[in-house]
Amino acid sequence: MNLDEIYRETILDHNQSPRNYGHLDHPTKVVGLLNPTCGDQIQLELLLQDGKIQDIRFSGQGCSISMASASMMTEAIKGKTIEEALALTSNFKNFVTGGTSHIPLGDLEALHGVSQFPSRVKCATLAHNAFEKAMAEPSE
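Small disclaimer: the values here were computed from a predicted structure and weren't measured. (Residues numbered from 1 in each chain as written. Predicted model: local features only at pLDDT ≥ 70, side-chain atom pairs only at ≥ 80, totals over all residues. Heavy atoms only, no water.)

**Student:** What exactly am I supposed to notice about the environment of His112 here?
**Tutor:** Mapped onto the fold, His112 is located in the loop between helix H3 (82–96) and helix H4 (118–136). If near-sequence neighbours (up to four positions away) are discounted, His112 is found in contact with Phe95 and Gly99. (Helix = DSSP H or I, 4+ residues; strand = E, 2+ residues; numbered from the N terminus. Contact = heavy atoms within 4.5 Å.)

Next up, the structure:
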């Protein structure tokens, strides 16, 4: 099995069995985002406590790239500080647009191939953009 096949399997696994899919009982932040280009939509629900992401869930609909990326992202940032999570999303967005990451990305590295398809980059970064939007909005 070559690296492309391993990446493909990882993406399919996260799409078919998404991690952290669903809703939180009492989220401290909720944000939705739509990719108007293709119609993918996502909603993130976060439970933030003491500067950390205690829990995170996502819901929505979209292509396998956007749903797999959301699943991978939620796994990667759960339990991290907000600063660590923002660094991960920033590094991932750089990585998926053809750059490099200065931190390990885990399963998210499986999405590197989308850098060759600009329209798919928007799918891969939808959840990450939603997370950054949630962190930029003032807390209620």
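Let us keep going from here.
**Student:** Is there a simple way to explain the packing of helix H2 (residues 64–77) against H3 in this structure?
**Tutor:** Two packed helices can be described by the angle between their axes and the distance between those axes. Axis separation between H2 and H3 bottoms out at 10 Å; the angle between their running directions is 145 degrees. Handedness of the H2/H3 crossing: right-handed. Mapping the contact onto sequence places Ser69, Met73, Ala76 and Ile77 in H2 and Ala85, Leu88, Thr89 and Phe92 in H3. Of the residues assigned to the contact of H2 with H3, the class counts are six nonpolar, two polar and no charged. (Axes fitted to C-alpha atoms, helices over the stretch in contact; angles between N-to-C directions. Left-handed = near helix turned anticlockwise from the far one by under 90°. Nonpolar A, V, L, I, M, F, W, Y, C, P; charged D, E, K, R; others polar.)

**Student:** Just to check I follow, could you spell out the side chain of His14 for this structure?
**Tutor:** Residue placement: His14 occurs in helix H1 (residues 3–16). Within polar-contact distance, the side chain of His14 engages the side chain of Ser71 at 2.7 Å. Apart from the residues lying within four places of it in its own chain, the contact partners of His14 are Arg19, Ala68, Ser71, Met72, Glu75 and Asp107. (Polar contact = N/O pair within 3.5 Å; in protein donor to acceptor, adjacent residues only side chain to side chain.)

It is worth stressing that arrangement in space is one thing and function is another; only the former is reported here.
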